[in-house]
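# Examination of the molecular architecture
For reference, the chains in residue letters:
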Amino acid sequence: MYKAALIGRDIGYTKSPEVHKAISDATGLDIEFTVRDVSSDGLKAEVERLKTEVDGFFVTKPYKTEIKKHLDFCETECGVNFVRTKDMRGFNTDGAGFMRALDKSFPDWRDNVNAALVLGAGGAAYSVAEALIKSGKKVYILNRTLMNAVKLCKTVGAEIYLNQPAELIVNATSLGLNGEDALASLCVIPQFKYAYDLIYTPPETPFMRRNAMAGAATQNGADMLLYQAIEGDAIMTGQELDVNDVFEKAKKLLG
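Criteria and cut-off values
Residues numbered from 1 in each chain as written. Predicted model: local features only at pLDDT ≥ 70, side-chain atom pairs only at ≥ 80, totals over all residues. Heavy atoms only, no water. Buried < 20%, exposed > 50% of the residue type's maximum accessible area, 1.4 Å probe, protein only. Helix = DSSP H or I, 4+ residues; strand = E, 2+ residues; numbered from the N terminus. Pairing = 2+ DSSP bridges. Right-handed = clockwise from strand over helix to strand, strands pointing away. Contact = heavy atoms within 4.5 Å. Polar contact = N/O pair within 3.5 Å; in protein donor to acceptor, adjacent residues only side chain to side chain. Salt bridge = Lys/Arg side-chain N within 4 Å of Asp/Glu carboxyl O. Phe/Tyr/Trp six-rings, centres within 6.5 Å; stacked < 30°, edge-to-face > 60°. Axes fitted to C-alpha atoms, helices over the stretch in contact; angles between N-to-C directions. Left-handed = near helix turned anticlockwise from the far one by under 90°.

### A look at the pairing of strand β1 (residues 2-8)
Most of β1 sits inside the fold, with 5 of its 7 residues counted as buried. Summarising the sheet, β1 and strand β2 (residues 31-37) pair through 7 bridges and their orientation is parallel. Within β2, the position partnered with Ala5 by the bridge is Thr34. Note on the crossover from β1 through helix α1 (residues 16-27) to β2: the handedness is right-handed. In the sheet, β1 pairs with strand β3 (residues 56-59) via 4 bridges, with the strands oriented parallel. Bridged to Ala4 within β3 is Gly56.

### Comments concerning the environment of Lys51
For Lys51, the location among the structural elements is in helix α2 (residues 43-53). As for Lys51 and Asp87, which are separated by 36 residues in sequence, their C-alpha atoms are 9.2 Å apart. Those residues within four positions of Lys51 in sequence are excluded, and the remaining contacts are Thr85 and Met88. Of note is the side chain of Lys51, whose polar atom sits 3.1 Å from the side chain of Glu48.

### Remarks on the pattern of salt bridges
Tallied over the full model, the rule gives 18 salt bridges. Salt-bridge contacts for Asp25 lead to Lys21; the nearest nitrogen and oxygen are separated by 2.7 Å. A residue pair is termed a helical-turn pair when its members lie 3 or 4 positions apart in one helix, as Asp25 and Lys21 do in helix α1 at 4 residues. The exposure class assigned to Lys21 is partly exposed, which follows from its relative accessible area of 47%. As a salt-bridge pair, Glu231 and Arg100 come within 3.1 Å of each other at their nearest N and O atoms. Here Arg100 lies in helix α3 (residues 94-105) and Glu231 lies in helix α9 (residues 222-237), a separation of 131 residues in the sequence. Salt bridges here are not isolated pairs; linked through shared partners, they connect Arg36, Glu46, Arg49 and Glu53.

### So, the packing of aromatic side chains
Given two aromatic rings, their pairing is described by the distance between the two centres and the angle made by the two planes. With the rule as written, the count across this model stands at 9 aromatic pairs. Ring geometry for Phe106 versus Tyr196: centroids 6.5 Å apart, planes at 90 degrees, classification edge-to-face. Of this pair, Phe106 sits in the loop between α3 and α4 (109-112) while Tyr196 sits in strand β11 (residues 194-197), placing them 90 residues apart in sequence. An angle of 50 degrees between the planes, with centres 6.4 Å apart, marks the rings of Tyr140 and Tyr161 as tilted. Highlighted residues: Tyr140 in strand β8 (residues 138-142) and Tyr161 in the loop between β9 (159-160) and β10 (168-171), separated in sequence by 21 residues. Per residue, the accessibility class of Tyr140 equals that of Tyr161, and both read buried. Through a chain of ring-to-ring contacts, the aromatic side chains of Phe33, Phe58, Phe82 and Phe91 assemble into a single cluster.

### Re the sheet that holds β8
An order of β9-β8-β7-β10-β11-β12 is seen for the 6 strands of this open sheet, with the pairing classed as parallel. Every other strand in the sheet has two partners, leaving β9 and β12 (217-219) as the edge strands with one partner each. One ladder, built from 2 bridges, connects β8 with β9; its direction is parallel. Among the inter-strand pairings, Tyr140 is bridged to a residue of β9, identified as Glu159. The strands that α3 touches are β10, β11 and β12; relative to β11, the one it contacts most, it runs at about 135 degrees.

### Side note on the packing of α3 against helix α5 (residues 123-134)
Running from N to C, α3 and α5 point in directions that differ by 60 degrees, and their axes come no closer than 8 Å. Pair α3 / α5 crosses with right-handed handedness. Of α5, the residues touching α3 (which contributes Asp94, Gly95, Phe98, Met99 and Leu102) are Ser127, Val128, Ala131 and Leu132.

Geometric values such as these leave the question of function open.
Here it is as structure tokens:
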């Protein structure tokens with residue numbers, strides 16, 4: 001049996017236990033999964049516990065950057081969303097998961113997108129921006145705190161958003177989890193061909209609705225959640241998994 005966990009703060013909405021149960025059933029791997037809601041001053045102690053209790057743990061908001069201080073090795077310049085405990089090595093599977101999900105949701109996006117606007121400057125925004133830049137797209141960043149946006153841009157090679165044209169918009173903020181409208185909060189006019197929201201609960205956010213009303217193709221982050229989880233479980237178990245095959249089987253199990 002493999003033991004895994006998810007750590008974050010205020011993450012009672014998470015569907016990760018169901019997702020990893022589906023992956024376990026789809027692959028025949030025996031994965032026991034728990035969720036740890038961790039306070040800001042409890043992260044170090046929780047990491048010390050996880051070192052001895054699990055084979056690997058996933059990291060979500062707001063610790064994808066802060067977790068790096070507690071690792072022995074790190075495979076990414078961006079936010080860490082998975083840690084293998086046997087060597088305390090941090091990985092990022094968000095970027096790969098996002099790109100797979102984008103290709104599945106919008107099969108023609110690569111031919112129709114020259115530039116993308118990413119909302120947010122947290123760990124997930126780093127992963128998304130870096131993945132898009134590596135795919136050859138220009139990326140703009142918009143965030144409520146300019147200093148954080150500038151830091152992200154310098155790290156991955158993106159640019160600050162100053163109303164430049166873009167065909168794809170990605171919400172990598174938490175705006176929408178409680179019904180907030182990310183577009184209204186950041187004063188963005190919905191004028192994009194494709195709109196991807198990393199949020200998956202609720203399944204449709206104000207961000208998605210307003211972009212859809214303006215004619216954009218929209219998608220939530222459920223597929224990305226599944227793809228990045230499969231990639232993380234493969235690292236944890238050391239198994240070479242056919243990611244797309246496992247995705248289809250697990251998605252059927254999830255209904």
